[in-house]
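The lines below spell out each chain.
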Amino acid sequence: MAELSEALLSVLPAIRVPKAGDRVHKEECAFSFDTPESDGGLYICMNTFLGFGKQYVEKYYGKTGHRVYLHLKRTRKLKEEDSSSSAGDPPRKKPTRLAIGIEGGFDIPEEKFEYDEDVKIVIFPEHLEIPRDGLEGLPDMVQDRIASAIEAILTADSASRKQEVQAWDGEVRRVSKHAFSLNQLQNSVRIPPCGWKCNKCDMRENLWLNMTDGSILCGRRYFDGSGGNNHAVEHYRETGYPLAVKLGTITPDGADVYSYDEDDMVLDPSLAEHLAHFGIDMLKMQKTDKTMTELEIDMNQRIGEWELIQESGVQLKPLYGPGYTGIRNLGNSCYLNSVVQVLFSIPDFQRKYVDKLEKIFQSAPTDPTQDFSTQVAKLGHGLLSGEYSKPASGDGEQQPDQNQKGMQDGIAPRMFKSLIGKGHPEFSTNRQQDAQEFFLHFINMVERNCRSSENPNEVFRFLVEEKLKCLATEKVKYTQRVDYIMQLPVPMDAALNKDELVEYEERKRQAEEEKQPLPELVRAKVPFSSCLEAYGAPEQVDDFWSTALQAKSVALKTTRFASFPDYLVIQIKKFTFGLDWVPKKLDVSIEMPEELDISTLQGTGLQAGEEEMPDIAPPLVTPDEPKAPMLDESVIIQLVEMGFPMDACRKAVYYTGNSGAEAAMNWIMSHMDDPDFANPLVLSGSSGPGSTIICPDPPSEDSVATIVSMGFSRDQAMKALRATSNSLERAVDWIFSHIDDLDAEAAMDISEGRSAAESISESVPVGPKVRDGPGKYRLFAFISHMGTSTMCGHYVCHIKKDGRWVIYNDQKVCASEKPPKDLGYIYFYQRIPS
C-alpha cells in the first residue's frame, strides 16, 4: 500500500478533472478501433483524456511521459427479460413525425444488452493497478481529487457522443421573416372550407393557398413524376408573393406553411390572422390531406430499387477476414462507408497509409485524433487487418433473423468522420450526402495533406482537353484542366425500349387518375455506347465570346482525354433537371461493360492547319477598375432567388457576356458539376494565372502564416487571400483548385531567376503530376444509390476481390450473387496492363 500511495502522490499533479470543452475519448482508441469492450479494454490518459488500446498505451507513455491512466473494461451480457412483458411487446406505432428518438418519431432500437464495468487506475511504467474502490488509506485531499477525476471522466459525454445527435428532429422550423410583414391584397377573395381545385389545372390534391392574393395552385412535381404541376412555385416566380399554406393540413393546431423566398417549411405565428383575411376560420378546419412530413416519411419507407441493389431476395454467404470488414452506419453515413471501402481496395492507398502505419503513428502530433494521416491510416488498417471482421455478437439464444445474417460488429469510424467533416457545412452533419461529392471532398483532403509526399490520388488524376471552335472564324482554343471523375451523360432518347416506356407512362397516368395501384415499373434501358457517344459529341455553345471576332459567336466544344489515369472513375449523371428546372432522378438501366476501351477519346492537341484564337479577356470592365466586371445585377438576383450560389451566378453572367437570364441558366446547368462551381469569379488576363477582383484590405498575417505552414510560399498565400476577400477557409480551397497555375508560376519564377533563393525548392513540379497509359480498363468496383435523391436513400458498394464480386452494405459483407452492374451510380475501372 505504501508503494501505491507513493506512486499516486508522484502522479497527482498530472491528474486533471475534465472541464467544459475538453474532449473525453473514452469510447475509442486514437490509433485503433479498440473500445472498453475489447479484450484489453481501453486506457484513458488522465491528463489529456485520449483513449488507447492495450497495444498503444505504452507507446504513448514512452512518447509523452504521461504515466496515469483510467482503465475501462466492459463485459456485455443479455438483459434479463421483464416478466411483466410476458404478453409480448405492443405493436410498433407508425411514425408521424420526421424525427428520431422523440415522441411520434422513428424509434431508437432498444439496447438488448447490459454491461458489467471494471474501473481501475493504472500507473506506468510500473503497471501498478489500483481499483476504483482501493483508494482508502490515502489522505482525504488526494482521495477527493482522484475520485473527482474518475467520476468526471465516467460521467462526461464522450467526444463521439458530442458529435452525434441522439434525438434528431427533421421538423424543426423557424419563423418566416415574412410572417409579421406579409402584404395581403384587398381583392375580396374568399376561400370555401372544401372543394378546392387548382386555378390553372384540374388537380384537387397537393394544393397551396398563396397568402398574399388568395390563389389556389398545385404544388411541385416530385422526383418520380407525382405531386403537382409546379403552378404554385411558378406563381411565386411571376409575382414574388412568398408564403403559401397547404390546404387540407389546416387544423386548430396549425398547418404546413412554405416560404418560397426562404426555400423552406416555416412557422407563421400570424397564420390565423392571415387565413381569416380569406374567410378561413382555423378553429373549424379539419385535416384532409397529408402533411409534407407524412409524405417524406412515406418516401423514406418506400421500397423501389432497394431489393435489386441490396440483393435482398438472395441467400448471400457472409465473408470475414482481412479486406472483408464491415463499417457501422453512424447515421446516414453509408455514402462514406461505400467510398472508403473502394478506396482501400486500391494498392496505392494501402501503400500510402496502411503499409506506413507505424511511421505515421510515430510522427503523429500530441492529439492524434485531429491528425488526418493518423485517422486515415487507422481506418485503412481497421478495414484490411481482419481484426474487426467477425460475426456480430449474438444473444446466444435466439436464431438471428434473415436480415441480420452476415452482420459484423465491424468498425465505427467516428473519429475519421468527425475529422473529415470538420468545418464542412454538409459532411459535419448526420444528413445523407452525395457519394460523388464526398469522394471529391476526400480527394481534396488527401491533396492538402500530401503536397510534399507520395500522393495516392495520382491513380485517379487525369488531364481533360477541351477544344472550342468558333464557327464564324474556324479558329480554335485548346485548354487543359485536371479532373478525377468522368461524368457520363444519359441520353434518354437512345433508350432501347421506348415503346414500353410510353405504354408504361400511359398506364401509370390512368392508374393515378383512377386512384388504382401503380403498374410494375418499366425502367429505361440505355446502351453504354450511347452514353459514351454523348460524352464525346461536340456541344454547341451559344453566345460564345470569340476573341477572334471580338464579338459573340457560336462555338462547338469538344471534350477529350489528354491523359488516361490508372483508375478511371465514371459517374452516371442520373440526377438532372427537367425543362421546368425541377430536379429528378433518371430511373435508368445501363449495362456497363466488364472491359472498356476509351482510346478513341484521346485528345490530339492543336492540329496542322488549325489556327488558335487570341487569348484576350471579354471586355466587361470599366476604365477605373480594370479587374471589376460590370455584371447585370438583375440577372444575378434572379438566379440567386432560384437557389444557386451567388458566386456561381456571377460567373454565369460573366461568362455568357451579360446576354440574359436564359443564357446564364444554361451555363449554370452545364457547369453545376464543376469542382469550382461555387468558387468566386476569377479573371484571367492582366496579372497572369489566378488574377481576380482586387481585395481592398491587406490579408492578415495570421492567415498568411496558416497557409504558409501548409507548404505554400508567401506569395501564393497572399494571392489566394486576395482572391477570396481575405477569407481563410475559401483561400485554402482556392489555392488547391489553382495549384496547377501556382506551380507553373513558381517554376517560371525560378527559371527566370526571380526570387529563386527565397522561394520553393528546385524540385517544384510544372503542373500536376499525372500518370498516363493505354485507355483500356476492367471494372473492379461500383457504388449504387437507392432512393429519389442523393440527399436521401441508401448507398452500397460492390467490389471484385479474389475473382468474385463482394457486396459491402454497411456492417454486412457477403459474396454477391447478382451484382446489379446496370444500376450503379459511380463505377471504378482499373487499367488493364499492356
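Residues numbered from 1 in each chain as written. Predicted model: local features only at pLDDT ≥ 70, side-chain atom pairs only at ≥ 80, totals over all residues. Heavy atoms only, no water.

**Some thoughts on the overall build of the protein chain**
(1) Moving on: Each helix and strand counted, the protein chain has 23 helices and 30 strands in total.
(2) Moving on: Counting all 834 residues of the protein chain, 47% fall into the buried class. (Helix = DSSP H or I, 4+ residues; strand = E, 2+ residues; numbered from the N terminus. Buried < 20%, exposed > 50% of the residue type's maximum accessible area, 1.4 Å probe, protein only.)

**Description of the sheet that holds strand β19 (residues 539-546)**
(1) Moving on: Here we have 4 strands laid out as an open sheet, ordered β16-β15-β20-β19, and antiparallel in their pairing. Only two strands of the sheet have a single partner each, and these edge strands are β16 (476-483) and β19. The average angle at which neighbouring strand axes cross in this sheet is 35°, direction not considered.
(2) Moving on: Bridging between strand β15 (residues 462-470) and strand β20 (residues 551-561) involves 7 bridges; their strand directions are antiparallel. Bridge pairing in β20 links Val464 to Phe561. (Pairing = 2+ DSSP bridges. Axes fitted to C-alpha atoms, helices over the stretch in contact; angles between N-to-C directions.)

**Overview of the sheet that holds strand β9 (residues 207-210)**
(1) Moving on: Sheet architecture is open: 6 strands sit in the order β8-β13-β12-β11-β9-β10, paired in mixed fashion. Looking at strand neighbours, the two that pair on one side only are β8 (174-175) and β10 (216-218), the edges of this open sheet.
(2) Moving on: Pairing analysis gives 3 bridges linking β9 to strand β11 (residues 243-246), with the strands arranged antiparallel. By the bridge assignment for β11, Asn210 is matched with Ala244.
(3) Moving on: Relative to β10, helix α5 (residues 231-239) is tilted by about 120°, and along the sheet it contacts β9 and β10. (Contact = heavy atoms within 4.5 Å.)

**With respect to the pattern of salt bridges**
When their charged atoms lie close together, side chains carrying opposite charge are able to pair.
(1) Moving on: For the coordinates displayed, the defined rule picks out 34 salt bridges.
(2) Moving on: A salt bridge links Arg220 to Asp263, with the nearest nitrogen and oxygen atoms 3.9 Å apart. With Arg220 in the loop between β10 and α5 and Asp263 in the loop between β12 (257-259) and β13 (264-267), the pair connects residues that are 43 residues apart, well separated along the chain.
(3) Moving on: Residue class for Arg220 comes out partly exposed when judged on its relative accessible area of 33%.
(4) Moving on: As a salt-bridge pair, Asp348 and Arg351 come within 3.2 Å of each other at their nearest N and O atoms. In this pair, Asp348 and Arg351 both sit in helix α10 (residues 347-354), 3 residues apart, roughly one turn of the helix.
(5) Moving on: You can call Arg351 partly exposed: its relative accessible area is 39%.
(6) Moving on: Three or more residues joined by partner-sharing salt bridges are found here, namely Asp348, Arg351, Glu458, Asp566, Arg771 and Arg831. (Salt bridge = Lys/Arg side-chain N within 4 Å of Asp/Glu carboxyl O.)

Bear in mind that shape data such as this cannot, by itself, settle questions of function.
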